[in-house]
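Structural description and commentary
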Amino acid sequence: GDDGCDATKPLVYVVMRGISGCHENHSVEGISSNTRLSAKLKTLHAVDLYQRAGIDFSLLLSSEHPDPLYVAYPEPSLAGQFQMSTGNALDQWYDTLGTTSDRSDTNLVTVAYEDVSVRDGGHTALKDGSKLSVGFNELYVEWNPETIAMVQTAMRLP
């Protein structure tokens, strides 16, 4: 257009699955209160749309081991004509990310917060405290130099 900007090109496609949270609050007026918050993220995948080396180099981030995900790609014969950003095969593959894990009891990130306050019936605190727990599971990272260079260049532009 006339604004001097080139056409945009997508760099990364992010897939997050299993986002959940819970808030509980229990209290007895003037005696005790207990607040609990929890949040979870089951899986995270970042697909590199910029690189052209092939499907085996397409996951910048993956909360699942990438090898079984690459095997699940519906058209492995695209080697010489690889095109990440278009096509039904790619859409089908996106739909499988985060759904093939054999570890149904694990999450990439879990956060839990608990705040407890117990009083003696008056205003004297018998027990006050809070606890924050953050848990991380493994995250696989693929370093694609061309994509990282493009992101750095894009971030420097006005």
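The coordinates are above.
Just so it is clear, the model here is predicted, and its values are computed rather than measured.

The rules behind each value
- Residues numbered from 1 in each chain as written.
- Predicted model: local features only at pLDDT ≥ 70, side-chain atom pairs only at ≥ 80, totals over all residues.
- Heavy atoms only, no water.
- Core = buried A, V, L, I, M, F, W, Y, C linked by side-chain atoms within 4.5 Å.
- Buried < 20%, exposed > 50% of the residue type's maximum accessible area, 1.4 Å probe, protein only.
- Helix = DSSP H or I, 4+ residues; strand = E, 2+ residues; numbered from the N terminus.
- Salt bridge = Lys/Arg side-chain N within 4 Å of Asp/Glu carboxyl O.
- Pairing = 2+ DSSP bridges.

1. Remarks on the nonpolar core
With eleven residues, the main nonpolar core is built from V15, V47, L49, I55, L59, L69, Y70, Y73, W93, Y94 and L97. Elements supplying a minimum of two residues to this core: α1 (66-71) and α2 (88-96).

2. Overview of the pattern of salt bridges
A side chain of one charge can pair with a side chain of the opposite charge if their charged atoms are brought near each other. Across all of its chains, the model carries one salt bridge by this definition. Here R36 ties to E114 by a salt bridge, and the two come within 3.2 Å at their closest N and O atoms. Of this pair, R36 sits in strand β2 (residues 32-48) while E114 is found in strand β4 (residues 109-119), placing the two residues 78 residues apart along the sequence.

3. Things to note about the pairing of strand β1 (residues 12-28)
In terms of strand pairing, β1 meets β2 through 16 bridges, oriented antiparallel. Of the residues in β2, the one forming a bridge with S20 is K40. Taken together, β1 and the strand that follows it, β2, pair antiparallel across an intervening segment of three residues, in which G30 is found at a positive phi of about 75°.

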